[in-house]
Amino acid sequence: MRWPGPLPPVVAPPRALSSEDPPAMTFRLLLGLDSLAALVVAYFFLAGLADGSVSAFNGELWAGIILAVTAVIAGGLLLRRAAHPVLANLVLALLAVPTALYGLFMLVVLFSGTTWN
């Protein structure tokens, strides 16, 4: 007996998680945290340029900070592209872990209800 109409669409079985999925998700999370840190650094640098607090006196410090953040993000992306996902995650974690810990600290300060003065 034939099917009376067009065949129903075939539903693909759920994809099994491979060993590559956790590093990929971790990479995205770490890259997001690093990007957030880079945006904060860029904001404070541009605000400092606007109000004059970034000057020749501390310009080398700012250049070092900006180069370090850029090196971490670029290094993570290049290592991921070179098929070294675990090493890329370790490089990105150098900046992402302190960023996440500081973010958690700020949440505690904001929502604890205590005075911190």
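Computed from a predicted model, the values in this text were never measured in an experiment.

**Student:** Explanation requested: helix α3 (residues 85–111) in the structure shown.
**Tutor:** Each turn of an α-helix holds 3.6 residues, which means side chains three or four residues apart point in the same direction. Compared with the 39 Å implied by 1.5 Å per residue over 27 residues, the 36 Å span of α3 between its first and last C-alpha is a close match. The largest bend along α3 measures about 45° and falls at Ala93. If you check which residues of α3 are buried, you get Ala88, Asn89, Leu92, Leu95, Ala96 and Thr99. Among the residues trailing α3, Gly113 stands out with phi positive, at a value near 85°.

**Student:** What is the right way to read unusual backbone geometry from this model?
**Tutor:** Apart from glycine, the bulk of residues carry a negative phi angle, and the bulk of peptide bonds sit in the trans form. A positive phi angle, near 65°, is found at Ala83, a position not held by glycine. Considering the arrangement of structural elements, one finds Ala83 in the loop between α2 (59–81) and α3.

**Student:** What is the right way to read the packing of α2 against α3 from this model?
**Tutor:** Two numbers describe a pair of packed helices, the interaxial angle and the distance between the axes. Running from amino to carboxyl end, α2 crosses α3 at an angle of 165°, the nearest separation of the two axes being 8 Å. By the angle class used here, α2 and α3 are roughly antiparallel. Once α2 is placed against α3, the crossing between them reads as left-handed. Together, Val69, Val72, Ile73, Gly75, Gly76, Leu79 and Arg80 of α2 and Pro85, Leu87, Ala88, Val91, Leu92 and Leu95 of α3 make up the contact between the two elements. Partitioned by chemical class, the residues of the contact of α2 with α3 number 10 nonpolar, two polar and one charged.

Thresholds, definitions, all that
Residues numbered from 1 in each chain as written. Predicted model: local features only at pLDDT ≥ 70, side-chain atom pairs only at ≥ 80, totals over all residues. Heavy atoms only, no water. Helix = DSSP H or I, 4+ residues; strand = E, 2+ residues; numbered from the N terminus. Expected span 1.5 Å × (residues − 1). Bend = angle between axes of the 7 residues up to and from the residue. Buried < 20%, exposed > 50% of the residue type's maximum accessible area, 1.4 Å probe, protein only. Axes fitted to C-alpha atoms, helices over the stretch in contact; angles between N-to-C directions. Parallel < 35°, antiparallel > 145°, perpendicular 65-115°, else oblique. Left-handed = near helix turned anticlockwise from the far one by under 90°. Contact = heavy atoms within 4.5 Å. Nonpolar A, V, L, I, M, F, W, Y, C, P; charged D, E, K, R; others polar.

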